Amino acid sequence: MVNQNDISVVEHIRAFKPYEAGLSIDEIKAKYGLANVIKMASNENPFGLSKKAQESIYKNAMNAFRYPQACNPRLVQAIYSYYHKKYPFLTEKQIFVGNGSDEIIDLLFRIRTEPHKHNAVMFNPCFGLYSTQAKVQNCEIRTVPLKEDFSFDFVALKKCVDENTRLCFVTSPDNPSGYLPNKQELLAFASSLPQSCLLVVDEAYIEFAGDENKHSILPELARFNNVAIMRTFSKVYGLAGLRIGYIFLPEQIATYMWRVRLPFSVNILAQEAAINALEDEEFKQKTIDHTIEERAFVKKALEKMQCKVYPSAANFLMFEPKGIEAKECCQKLLERGIIVRSLASYSLPQCIRVSIGTTEENREFLSAMNDILPHTNSEMIITVDGPAGVGKSTLAKRLAKYFDIAYLDTGAMYRSLALRVGADVVDMSEEKMQKLFASFSYVLKKENNNYILYCNNEKIGEEIRTEKASRLASIVARLPEARKALQKFQREIGRNTALVAEGRDMGTVVFPHAPIKFFLDARPEVRAKRRYDELTAKGQNENYDSILSAIIERDNQDRNRAVDPLAPHKDAIIVDTSDLDIDGVFEVLIAKVMPYLGSK
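Note that the coordinates shown come from a computational prediction; the quantities given were computed from them, not determined experimentally.

1. Considerations on the overall build of the protein chain
For step 1, the next point in the chain: Counting secondary structure elements, the protein chain contains 23 helices and 21 strands.
For step 2, the next point in the chain: By its C-alpha atoms, the protein chain is 90 × 60 × 55 Å across when sized along the principal axes.
For step 3, the next point in the chain: Split into buried and exposed, the 600 residues of the protein chain put 50% on the buried side.
For step 4, the next point in the chain: Relative to all contacts within the protein chain whose residues are 6 or more apart in sequence, the contacts with residues 24 or more apart total 74%.
For step 5, the next point in the chain: When the accessible area of the protein chain is evaluated, it comes to approximately 29200 Å², of which 50% is carbon and sulfur surface.
For step 6, the next point in the chain: The average position of the 78 basic charges and that of the 77 acidic charges among the side chains of the protein chain differ by 1 Å.

Given below as structure tokens:
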């Protein structure tokens, strides 16, 4: 038997994790006892492939025993003829075809970058294969986060480029958000790059954006010697299973791509299907028209369900479900035979991507979403966010009492959890923390006209009002896994209970879809004076300057947190309480809530 330890594998490859594919349609049918399953996860063409492409496959099936002609000249000629009519400046030598865009991306890294020397820049998140192939090549990866609305920060991306940058990737429209960058901004960015850097614009979804001349930079390609435009037959042409990608790029680079490409990477059936697909303009236009029309319909329907839906120019939509974790929503859809894409792998755990399907598939998806999303007894959720010392707790309790709804004591949740897990939790692995926190549950029960918080079926009492509970809560609150778990519990409570939720992240992280979101603020010196008066009234000997310093320090920590920094939601009602007493602030809050109630 071979000793596995004797098999030598290069270090950077050894760290790779295998791709984990989801269950197949047949496996899902068997697991959940389903007769039909709809796949809306991979942005495939819901109409399949055109009849012309199908017929070419049948016709050429008998030639499957033959090797295809080297460099697929007939396919290259077909692509050239199709685009040369619109863009006469294009030449055949600028066209390269590969076994999907995957092969093209791989070859770009192989011929453009040297391991440990060159780097590639891209946005984050983005199509995963850019970074995967960079790692295979041992090429440095430089990423820039997308803006909050998933638009592109070209200024920041340009700052990542230096003399060793050989590749820069921009996807237009982007995946997974569907964001379409402004053409002029993209062209300006392309013009700013050094000649040593090849800008690769991935236009896999460009056909779904509408007017190609308006949105694609292909019409401007003749202006550049360092720009490549990548496209695919997988989406609008419906040939995802045959794996055919193509790219327009400088002739010299294309020459080297052909030199190192595997000889027969695009097979005969794929080549003939692609050639015939180019000739079926009617099928292509039908796909585009359907996608644009249904995309608008599905977006509007999801928004009516109060989901947050991001603008998309592609054949999919990215959205955040209301009142339910994205992972749970995906699972519930799966149990109903609808496969969508969880975006946790893109570091977007609260987002889902759904492909635009046929009219029937889209209606079935929307019907399932309507069943899955929680329907509260009252849609009235009020969040009260803001820094320490503005009276959030006092005001939140008064609001809850005034409107006869629940008050969610988030501080009690942290303290009760902290008492149960203890300080040793900080030494646990992330996996153990997740399992531990998953073993807890929280519910809010109405008893004798009061709302009582329970943890694991035990009523939370005065034990959380101790110094020990407060100290442990401050430790637990710094653990990301604890914060995630408690935020999940808080969302679950809000599904079926009208409430006032108070905390530093209630309106931005826990209940971003709450119809009424307050952000209370006040000058640090005012908050320090309030705290000083409160403590001295209790007979405590306190120092005002020390309290002020502590508040300023905590403000800086909260506002500059790497995760969930303290800031108002874009829809929040900001109230400066500096020059108001508690009664004055309460009157302002009531006045802001009343118009909402009157509209219901």
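Right, picking up where we left off after that structure.
2. Focus on helix α10 (residues 251-260)
For step 1, the next point in the chain: Burial in α10 covers these residues: Ile253, Ala254, Met257 and Trp258. Down the axis of α10, the sector holding all buried residues measures 140 degrees, keeping them to one side. In α10, the exposed positions angled more than 90 degrees off the buried face are occupied by Gln252 and Arg259.
For step 2, the next point in the chain: In this fold, the buried residues of α10 make contact with α4 (73-84), β2 (95-98), α5 (100-112) and β6 (198-202).

3. Considering the state of the cysteines
For step 1, the next point in the chain: Counting across every chain of the model gives zero disulfides.
For step 2, the next point in the chain: Cys139 takes part in no disulfide bond, and the closest cysteine sulfur, belonging to Cys197, lies 11 Å away.

4. Remarks on the pairing of strand β16 (residues 442-447)
For step 1, the next point in the chain: Examined bridge by bridge, β16 and strand β17 (residues 450-455) share six bridges and lie antiparallel to one another. Among the inter-strand pairings, Leu444 is bridged to a residue of β17, identified as Leu453.
For step 2, the next point in the chain: Hairpin connection between β16 and β17: a loop of two residues separates the two successive antiparallel strands, and Asn448 in this loop has a positive phi of roughly 55 degrees.

5. Observations concerning the sheet that holds strand β21 (residues 573-576)
For step 1, the next point in the chain: A sheet is described by the order of its strands in space; here five strands give the open sequence β15-β19-β14-β20-β21, paired in parallel fashion. The open sheet is flanked by β15 (406-409) and β21, the only strands paired with a single partner. Averaged over all pairs of adjacent strands, the angle between their axes in this sheet comes to 20 degrees, without regard to strand direction.
For step 2, the next point in the chain: Examined bridge by bridge, strand β14 (residues 381-385) and strand β19 (residues 499-502) share four bridges and lie parallel to one another. The residue bridging Ile381 from the neighbouring strand is Leu499, located in β19.

6. Thoughts on the pattern of salt bridges
For step 1, the next point in the chain: In total, this model carries 32 salt bridges according to the counting rule given.
For step 2, the next point in the chain: Residue Glu44 pairs with Lys39 through a salt bridge whose shortest N-O separation is 3.2 Å.
For step 3, the next point in the chain: A relative accessible area of 34% means that Glu44 is categorised as partly exposed.
For step 4, the next point in the chain: According to the relative accessible area criterion, Lys39 is partly exposed, its value standing at 36%.
For step 5, the next point in the chain: The partner of Arg523 in a salt bridge is Asp579, with the nearest N and O atoms 3.4 Å apart. Of the two residues, Arg523 is situated in the loop between β20 (516-521) and α21 (524-537) and Asp579 in the loop between β21 and α23 (582-599); the sequence distance between them amounts to 56 residues.
For step 6, the next point in the chain: Owing to a relative accessible area of 36%, Arg523 belongs among the partly exposed residues under this scheme.
For step 7, the next point in the chain: The exposed category is assigned to Asp579, whose relative accessible area is 65%.

7. A look at the packing of aromatic side chains
For step 1, the next point in the chain: Counted according to the given criterion, the structure contains 24 aromatic pairs.
For step 2, the next point in the chain: Measuring from centroid to centroid gives 5.0 Å for Phe152 and Tyr179, while their planes differ by 70 degrees, and the two rings are edge-to-face. With a gap of 27 residues between them, Phe152 in the loop between β4 (140-145) and α7 (154-159) and Tyr179 in the loop between β5 (165-171) and α8 (183-192) connect regions that are remote in the sequence.
For step 3, the next point in the chain: The rings of Tyr82, Tyr83, Phe233, Tyr237, Tyr246 and Phe248 are connected pair by pair, giving a single aromatic cluster.
For step 4, the next point in the chain: Across the ring face of Phe47, the terminal group of Lys286 is positioned such that the distance to the ring centre comes to 4.4 Å.
For step 5, the next point in the chain: It is Arg398 that lies over the ring of Phe586; its NZ or CZ is 4.2 Å from the centre.

8. What about the packing of helix α3 (residues 51-60) against helix α11 (residues 268-279)?
For step 1, the next point in the chain: α11 packs onto α3 with a crossing angle of 150 degrees between their chain directions and a minimal axis gap of 8 Å. The angle between α3 and α11 falls in the class roughly antiparallel. Viewed along their axes, α3 and α11 form a crossing whose handedness is right-handed. Where α3 abuts α11, its residues Lys52, Ala53, Ser56, Ile57 and Asn60 lie against Ile268, Leu269, Glu272, Ala273, Asn276, Ala277 and Glu279.
For step 2, the next point in the chain: Of the residues belonging to the contact of α3 with α11, the class tally is six nonpolar, three polar and three charged.

9. Re the sheet that holds β6
In a beta sheet, neighbouring strands pair by backbone hydrogen bonds and run either parallel or antiparallel.
For step 1, the next point in the chain: Reading across the sheet, the seven strands line up as β2-β8-β7-β6-β5-β3-β4 and stay open at both edges, with mixed pairing between neighbours. With partners counted over all chains shown, the strands left at the sheet margins are β2 and β4, one partner each. Strand after strand, the sheet turns through a mean of 20 degrees between neighbouring axes, direction not considered.
For step 2, the next point in the chain: Relative to strand β8 (residues 245-248), β2 runs antiparallel, the two sharing four bridges. Paired with Ile95 across the strands is Phe248, a residue of β8.

10. Remarks on a nonpolar patch on the surface
For step 1, the next point in the chain: There is a patch of nonpolar side chains on the surface, built from Val9, Val10, Ile13 and Phe16 and spanning about 280 Å² of accessible area.
For step 2, the next point in the chain: Tracing the backbone through its elements, the reader meets Ile13 in helix α1 (residues 11-14).
For step 3, the next point in the chain: Using a relative accessible area of 31% as the deciding quantity, one classes Ile13 as partly exposed.

11. Quick look at the nonpolar core
For step 1, the next point in the chain: If you look at the biggest cluster of nonpolar residues, it comprises 90 residues, and the most contacted ones within it are Ile79, Val170 and Phe233.
For step 2, the next point in the chain: Sort the elements by how many residues they give to this core and α4 lands first, with seven residues.
For step 3, the next point in the chain: In contact with Phe233, other than residues within four places in its own chain, are Leu75, Ile79, Gly238, Leu239, Ala240, Ile244, Tyr246, Ala274 and Leu278.
For step 4, the next point in the chain: If you look at the next biggest cluster of nonpolar residues, it comprises 35 residues, including Met433, Tyr442, Leu444 and Ile475.

12. Focus: the pairing of β5
Looking along a regular strand, one sees side chains alternate from face to face of the sheet.
For step 1, the next point in the chain: Burial analysis of β5 places seven of its seven residues in the buried class, which makes it a mostly covered element.
For step 2, the next point in the chain: In this region the chain leaves β5, passes through α8 and returns to the parallel neighbour β6; the handedness of that crossover is right-handed.

13. Comments concerning the environment of Lys327
For step 1, the next point in the chain: Along the chain, the position of Lys327 falls in helix α13 (residues 326-335).
For step 2, the next point in the chain: For the pair Lys327 and Val443, spaced 116 residues apart in sequence, the C-alpha separation works out to 21 Å.

Thresholds, definitions, all that
Residues numbered from 1 in each chain as written. Predicted model: local features only at pLDDT ≥ 70, side-chain atom pairs only at ≥ 80, totals over all residues. Heavy atoms only, no water. Helix = DSSP H or I, 4+ residues; strand = E, 2+ residues; numbered from the N terminus. Buried < 20%, exposed > 50% of the residue type's maximum accessible area, 1.4 Å probe, protein only. Contact = heavy atoms within 4.5 Å. Areas by Shrake-Rupley, 256 points an atom, 1.4 Å probe, with all protein chains shown as cover. Lys, Arg positive; Asp, Glu negative; His and termini not counted. Charge placed at Lys NZ, Arg CZ, Asp CG, Glu CD. Arc of directions from axis to C-beta. Disulfide = S-S within 2.5 Å. Pairing = 2+ DSSP bridges. Axes fitted to C-alpha atoms, helices over the stretch in contact; angles between N-to-C directions. Salt bridge = Lys/Arg side-chain N within 4 Å of Asp/Glu carboxyl O. Phe/Tyr/Trp six-rings, centres within 6.5 Å; stacked < 30°, edge-to-face > 60°. Lys NZ or Arg CZ within 6 Å of the ring centre and 35° of its normal. Parallel < 35°, antiparallel > 145°, perpendicular 65-115°, else oblique. Left-handed = near helix turned anticlockwise from the far one by under 90°. Nonpolar A, V, L, I, M, F, W, Y, C, P; charged D, E, K, R; others polar. Patch = residues over 30% accessible without salt bridge, like charges linked within 9 Å, V, L, I, M, F, W, Y side chains within 5 Å. Core = buried A, V, L, I, M, F, W, Y, C linked by side-chain atoms within 4.5 Å. Right-handed = clockwise from strand over helix to strand, strands pointing away.

Such coordinate-based values are descriptive only and should not be taken to indicate function.
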